[in-house]
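# Structural characterization, general
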Amino acid sequence: MNAIEPNWVSLLWFALFAAVCGVAFLVVAGMFPLKSRPDIAQSKGAVLLLIGNALLLAALLIGTALYGYNELRWSTLIVVTGLIVLFAPTLIEEWRWPLGNVKAEMLVLIAVQAAALGLLVKIGGTSLSMT
C-alpha cells in the first residue's frame, strides 16, 4: 500500500469526507431550481434549510479539498475523487427516503455535514491551516 499512497489513513479519511461531499452535492443540487420544487419554494423554513445545506457543503468541499491537497499525492487525490464522483449517484439511491419529507431529509443532511465538518477539523486541523 505504501507504493500507492504512503499516507493511507489520510486516504481513508479523505474518501469518507469526499463521499459525504458527493452525496450532499447531489441532494442540494436536486433541490434547484426552486420554481420546479413548489414544496420547498412555498416554505421559508425549507428555503433556509436549503441555504444552510449549501453553505455547509461549500465549507466541507473547501476543507476536504485542502485536506486532500496537503495530505495525499496528486495521483491518489485524482483517482479517489474520480471514484467518488463516479459512485456518488449510487450512494444517493440509498439516501432517498420513501416518505418524501424534504425538511426531514435536509435536517439529517445538515447533521451529517456538520458532523463531517467537525471531524474534518479535528482530524486535519494542521492540514487545514494556511501557515
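Use the structure listed above.
Residues numbered from 1 in each chain as written. Predicted model: local features only at pLDDT ≥ 70, side-chain atom pairs only at ≥ 80, totals over all residues. Heavy atoms only, no water.

Attention shifts here to the overall build of the chain. Along the chain, the regular secondary structure elements total six helices and zero strands. If you list the helices and strands of the chain from N to C, you get α-α-α-α-α-α. Relative to its 131 residues, the chain shows a buried fraction of 35%. Of the roughly 7800 Å² of accessible surface on the chain, a fraction of 73% belongs to carbon and sulfur atoms. (Helix = DSSP H or I, 4+ residues; strand = E, 2+ residues; numbered from the N terminus. Buried < 20%, exposed > 50% of the residue type's maximum accessible area, 1.4 Å probe, protein only. Areas by Shrake-Rupley, 256 points an atom, 1.4 Å probe, with all protein chains shown as cover.)

On inspection of all chains with the given rule, the structure shows three aromatic pairs. Residues Trp13 and Phe17 carry aromatic rings whose centres are separated by 5.9 Å and whose planes lie at 20° to one another, so their mutual orientation is stacked. With Trp13 and Phe17 both in helix 1 (residues 8-29), this residue pair falls four residues apart, about one helical turn. Judged by its relative accessible area of 0%, Phe17 falls in the buried class. Measuring from ring centre to ring centre gives 5.7 Å for Tyr69 and Trp74, while their planes differ by 75°; the resulting arrangement is edge-to-face. (Phe/Tyr/Trp six-rings, centres within 6.5 Å; stacked < 30°, edge-to-face > 60°.)

This part takes up the layout of surface pockets. Empty space left among the atoms is revealed by rolling a probe the size of a water molecule over them. What the largest pocket holds in volume is close to 290 Å³. Lining the largest pocket are 14 residues, and of these Ala18, Cys21, Gly22, Leu61 and Val85 sit closest to its centre. At the level of elements, helix 1, helix 3 (44-71) and helix 4 (74-95) are the ones that each hand at least two residues to the lining of the largest pocket. Here the element with the most residues in the lining of the largest pocket is helix 1; it accounts for six residues. (1 Å grid on protein atoms, 1.4 Å probe; cavity = no way out; pocket = protein on both sides within 12 Å on 5 of 7 lines; lining within 4 Å. Points joined across faces, edges and corners; volume = space filled by probe spheres on them.)

Among the secondary structure elements, Ser10 is positioned in helix 1. Within the structure, the side chain of Ser10 is placed 3.2 Å from the side chain of Tyr67, a separation counted as a polar contact. Other than its neighbours up to four places away in sequence, Ser10 contacts Tyr67, Glu71 and Leu72. (Polar contact = N/O pair within 3.5 Å; in protein donor to acceptor, adjacent residues only side chain to side chain. Contact = heavy atoms within 4.5 Å.)

This paragraph deals with a nonpolar patch on the surface. Taken together, the side chains of Val79, Leu83, Leu86 and Phe87 define a hydrophobic patch exposed on the protein surface, amounting to about 400 Å² of accessible area. Along the chain, Phe87 turns up in helix 4. (Patch = residues over 30% accessible without salt bridge, like charges linked within 9 Å, V, L, I, M, F, W, Y side chains within 5 Å. Salt bridge = Lys/Arg side-chain N within 4 Å of Asp/Glu carboxyl O.)

Here Gly63 lies in helix 3. Expressed as a C-alpha distance, the spacing of Gly63 and Gly125, which sit 62 residues apart in the sequence, is 9.8 Å.

All right, on to helix 3 then. Taking 1.5 Å of rise per residue, 28 residues should cover 40 Å, and helix 3 covers 40 Å from first to last C-alpha, within 8% of that figure. If you check which residues of helix 3 are buried, you get Ala46, Leu49, Leu50, Asn53, Leu56, Leu57, Leu60, Gly63, Thr64, Tyr67 and Gly68. (Expected span 1.5 Å × (residues − 1).)

Of all hydrophobic cores here, the largest spans 17 residues; its most connected members are Phe14, Leu60 and Leu120. Sorting elements by how many residues they give to this core places helix 1 first, with seven residues. Counting residues in hydrophobic clusters, the runner-up holds 14 residues, among them Ala24, Val27, Ala46 and Ile92. (Core = buried A, V, L, I, M, F, W, Y, C linked by side-chain atoms within 4.5 Å.)

With that out of the way, let us pick up the side chain of Asn53. Positionally, Asn53 belongs in helix 3. Judged by relative accessible area, Asn53 falls into the buried class, the value being 0%. A distance of 3.4 Å separates a polar side-chain atom of Asn53 from the backbone nitrogen of Ile110. Within polar-contact distance, the side chain of Asn53 engages the side chain of Gln113 at 2.8 Å. Leave out the neighbours within four places in its chain, and Asn53 touches Val28, Met106, Leu109, Ile110 and Gln113.

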